[in-house]
Structure formats: C-alpha cells, structure tokens
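One letter stands for each residue in the lines below.
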Amino acid sequence: YKNPHYAPGRTTMVHLFEWKWDDIAVECERWLGPRGFGGVQISPPNENLIIWSRNRPWWERYQPMSYRLITRSGNEQQFANMVRRCNNVGVRIYVDAIINHMTGHAEENVGTGGSTANFGEWHYPAVPYGRNDFNWPHCVIDSSDYVNDAHRVRNCELSGLKDLNQATEHVRRMIVNYMNHLINLGVAGFRIDAAKHMWPSDLRIIYNRLNNLNTAHGFPSGARPYIYQEVIDLGGEAVSRNEYTPIGAVTEFKFGLELSGAFQRNNQLRWLVNWGTPWGLLASNDALTFIDNHDNQRGHGAGGNILTYKQARPYKGAIAFMLAHAYGFPQLMSSFVFDDTEAGPPMDRSGNIISPAINSDNTCGNGWVCEHRWRQIYSMVVFRNVAGNAPMTNWWDNGSNQIAFCRQGRGFIAFNNDSWNLNQNLQTCLPAGTYCDVISGQRNGNNCTGKRITVGNDGRAIISVGSNDYDMMLAIHVGSES
Ligand code: AAO
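It should be emphasised that the depicted structure is a prediction, and the values quoted were computed from it without experimental measurement. (Residues numbered from 1 in each chain as written. Predicted model: local features only at pLDDT ≥ 70, side-chain atom pairs only at ≥ 80, totals over all residues. Heavy atoms only, no water.)

A. Representation of the site of the ligand. Looking at the ligand, there are 24 residues lining it, with W59, K196, H197, E237 and D295 nearest. Contact distances for the ligand include 2.6 Å between an oxygen atom and a side-chain N or O atom of K196. Within the side chain of E230, a nitrogen or oxygen atom sits 2.7 Å from an oxygen atom of the ligand. (Near = heavy atom within 4 Å. Polar contact = N/O pair within 3.5 Å; in protein donor to acceptor, adjacent residues only side chain to side chain.)

What follows is the structure in structure tokens.
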C-alpha cells in the first residue's frame, strides 16, 4: 500500500483542491502529463450535503451523504472520463476517501445528488446506513481527548459528524464497495480522511478487501492501491502515527511545519543538513510529504505558521527544498484564492464551480492560484524526476542560511535565505557544461531566460544568489544544459 504506482520517471502529485473532473481531465492532457507530474489528489467524489446556510463552504465536501459519485466537481460519467484521460497521459488519480463518518450538519438535508438523510435518526437511506452502523453510546470528541483518550478519538464524533462503526460488517461492505468501484474506474489510491479516528485493525481489514489496481488502466498485475492516511501527530497525541504505518503510508505533518519554520527564518537552513528521520520524521517510505494542505493553509487541522501561496518567496523556497531533497513522497497544494477561511471555490450564483482560466504565461485566473503552474514549482517537479534515486551528496552551508547540495550526477541546488549575497565556487557534481538555472528562467531551445552556470571539468561552478533576487534558490540538472 506504500507504492503510488506512478508512471516510470514520475515522482510528485498535486492536490487540485475543488477542481471539476472535466477541468482535471484537460489539465492532465495539456499540463500535468507533459510536465512530468505523477498524479492528482482530487476532492471527495462522493455525494455531500449542500450547505447554502454557510454559502457553500469548501468543507461541505467533508459531509458525506452517500457513496454516489456526484458532486459539484461532476458526475460518475465525468469522473470515469477524467480517470481514463489522466491515466492515458501517465497521470494517476488519488481519491480523498471519507469513510470515518457521515454528515451531521444540522441545518440542511439535501445532497449534491438529491439524496436526503435524517441524521437526527442516524438514517442515510442512499447508502443505506442506519442506527446500528454507528458508534454507541453517542459522544463528541473534545480537544483534551486528543491528548489522553484514544478510545474517544476513535469512537466519538469528530466535530459532530456521525461516527461510523467500521467494526460492523455492513459498514465495511459499503466502504469496500465504494472504494472498489473507484479502483475499477482506474484510480491508483486513496487519501484516508480522518484515519486517526478509526481503529487500525478495522482499516487493515478494509484495505485487505480492496481489489488490485485495474490493469486495463495500465497498472501492473497484482498492484495494490496506494494508501496514505491522514493522521495529525505532532507529538503528545493519544493516537500515534506509528499505529498506522504498518498498514499504509501516513501524512507527515511535521514536515511542512518544520520547513515552514526554517524558511521563515525561525531556524537556520544549515540545520537541514540531516533532514529526515533525525528530525523526528517518519521513515521516508512511510511519509506523504507537503508544505501546506487544504486544512492548515486556512488554520484548520494542525494549522498555525504554515507557509502558503500568500508568502510566495519563502513558500517557493520550502517547496524547492521538498522537491530537491530525496526524503518522502511529495504532494503539492494547488489552491483557490481565499481571505475568508470558510469560503468555497470560485462559483456562480447557483453554486456551480467556475473553471480556472489559463493565462498566456501559463498561470491561472478566475480566482485560482494554481501553484503547480508557477515556474519555480513545476521546474522543481522535473528536477525531482531527473534526480530519481541519485544520492544526496556534497552538502555545503555557510553556517547560517545559505546551503547547497547535489543529487549526485543529476542535479544541484543552492539556497540563500540570508540577508547578504551568496557568491561561492561550489561542487555541483554535474558533468562539465553550461546549464540554465530552472528557477530564474528556463531553457528555450539554445536560449536561457535565466542565469547561466558554467560547470568546469572538476564539477565546480561559481554560484551566485543575491539576497534581493526574485527567488532565493538556483537549480540546475541534467537536461537543463544550455
Ligand atoms: C464543519 C464545521 C464544524 C461543524 C461540523 C459538523 O466547521 O463547525 O461542527 O462541520 O457539521 C473539514 C473542516 C471542518 C468541517 C468538516 C465537515 O475542517 O471544519 O466541520 O470538514 O464539514 C482533526 C482531525 C482531522 C481533520 C481536522 C480538520 O483529526 O482528521 O480535524 N481533517 C480532515 C480533513 C478536513 C475535514 C475532516 C477531516 C472531516 O482534512 O478538511 O474537516 O472530514 C488536534 C488534533 C487533530 C485535529 C485538530 C483539529 O490538532 O491532533 O487530529 O484534527 O486538533 O481540531 C496543534 C497540535 C495539533 C492539534 C492542533 C489543533 O497544532 O499540535 O495536534 O493544534 O488543536
């Protein structure tokens, strides 16, 4: 369950938060496939409660009404079409699976597919679920439970969302049917929402009942779905992330928190010399890594001091470090613009999501940020693909916030987060030649729109990153010769 089954040479997925299926299909074909992205995490595809009383917040997608594939993002036919078209261009689809609970929102009662429920009675006819499918006695998690009561974290409601009992055979069967339906349609894996709120022993049974990935979509025979479980564990929790690594990968929330701190100069970059398990991070193979996610970029979940698109310069630095370093399985966030932390995606007055516009410089409009279309970010996806399994070597730092390292023979990167210039003769571990920095510009035929770096026969080059440069890093790799 720990292999994302990316197409050969691909390494990185992007969360296209609240995108429509038709838009994702074209994005795979015109951008993600050609640029070497490995996959897309999509918003939950199952029917959710419509919440007009809060002007259709983004979080209504986390209020399941049924497992029918019908949401603001599209219907089942559009979903199937997206998965097929993305797989055809080597881009995998990962589903955000909400299997811990059902909607518990008090004010409304109609789902995106027209289904209704009576949650006061724990009755969800469109699945169907009834009283016996939930945990009893009824209780709601309070914040102290996270510290000292694993039982309540698993068996009480997460903020009033009706808490399914995954020990029940009927519940297991409904969940497995839902997930297998998605696997048959060609998805490559799942984010398990709120995994810490379910017992690992129940999850193991559910995972083991999942089908192999669909060979008609290009997966090898016998391939298991990639499973990454959302477990927020920054330490001091009654529920530990280590309870979940035996059954799948886990979202590593410490990763983005620590890198956000470092790139905001709360910690010197030189300490990143031993980035990885010595920092208390999960084993690399177990870790789904990211800087921000859809929750903490707006103060939900493990919020607080996380870099986002709103602090673009240090954010791009942190993302570049994530992608240049060998640790973990990286995921990029692709956001819509927001000030109100509850606000849903760009929509018209009927609540239909408005598609992103694509500008001539490849960036997005219509209220979409599209971090995955920022040059400094998509170029680093290529860097990571090119670096492959090459070891990290030749760490250099200035004892402060200037660092550099190689991915032996494949790529080289330098960062300057100090308030003075970086000017050094450094080992790049690359074959001699002239390279185009993929951060300040890009290669365009024999032209380079960014800085040119000349690597000598000894692999060394003069590296300059000014403290006032637009970006704080410089990156070159095999394939960026110019
Ligand atoms: C909405 C309304 C609620 C209403 C509810 C029911 O906002 O007011 O009561 O509906 O009608 C999302 C939104 C929720 C929304 C929900 C349903 O974020 O606001 O509720 O949709 O519409 C916990 C879970 C984690 C969860 C996170 C948000 O453990 O699984 O809360 N994330 C996922 C999704 C998320 C979604 C759901 C789950 C539900 O990614 O989008 O919710 O499907 C501690 C615990 C964490 C806990 C946090 C939050 O964290 O450790 O496990 O996350 O508290 O309470 C420091 C600590 C850190 C601590 C944190 C916050 O950072 O180190 O451990 O402080 O105290």
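B. Structural detail: the state of the cysteines. Overall, the coordinates contain five disulfides when judged by the stated rule. Residue C364 pairs covalently with C370 via a disulfide, S to S 2.0 Å. Because the torsion about its S-S bond is -85 degrees, the bridge between C364 and C370 counts as left-handed. Put simply, C436 and C448 are joined by a disulfide, and their sulfur atoms are 2.1 Å apart. Judged by the torsion about the S-S bond (75 degrees), the C436/C448 disulfide is right-handed. (Disulfide = S-S within 2.5 Å.)

C. Summary view of the sheet that holds strand β1 (residues 13-16). If you walk around this closed barrel you meet the eight strands as β1-β2-β3-β6-β7-β8-β9-β10, and the pairing is parallel. Pairs of neighbouring strands in the sheet enclose a mean axial angle of 30 degrees, with direction left out of account. In this sheet, strand β3 (residues 92-97) lies alongside strand β2 (residues 39-42) in parallel orientation, the contact comprising four bridges. Following the sheet pairing, V40 is matched in β3 by I93. Sitting on the sheet, helix α1 (residues 21-32) is in contact with β1, β2 and β3, with an inclination near 160 degrees to β2. Sheet contacts for helix α8 (residues 312-324): β9 (287-289) and β10 (329-334); angle to β10, the most-contacted strand, approximately 155 degrees. (Pairing = 2+ DSSP bridges. Helix = DSSP H or I, 4+ residues; strand = E, 2+ residues; numbered from the N terminus. Axes fitted to C-alpha atoms, helices over the stretch in contact; angles between N-to-C directions. Contact = heavy atoms within 4.5 Å.)

D. Structural view of helix α6 (residues 200-208). For α6, every residue scored as buried is listed here: P200, D202, L203, I206 and Y207. Looking straight down α6, one finds that the buried residues subtend no more than 155 degrees of arc, so they occupy a single side. Each element contacted by the buried residues of α6 is listed here: α4 (150-155), α5 (169-184), β6 (189-192) and β7 (226-229). (Buried < 20%, exposed > 50% of the residue type's maximum accessible area, 1.4 Å probe, protein only. Arc of directions from axis to C-beta.)

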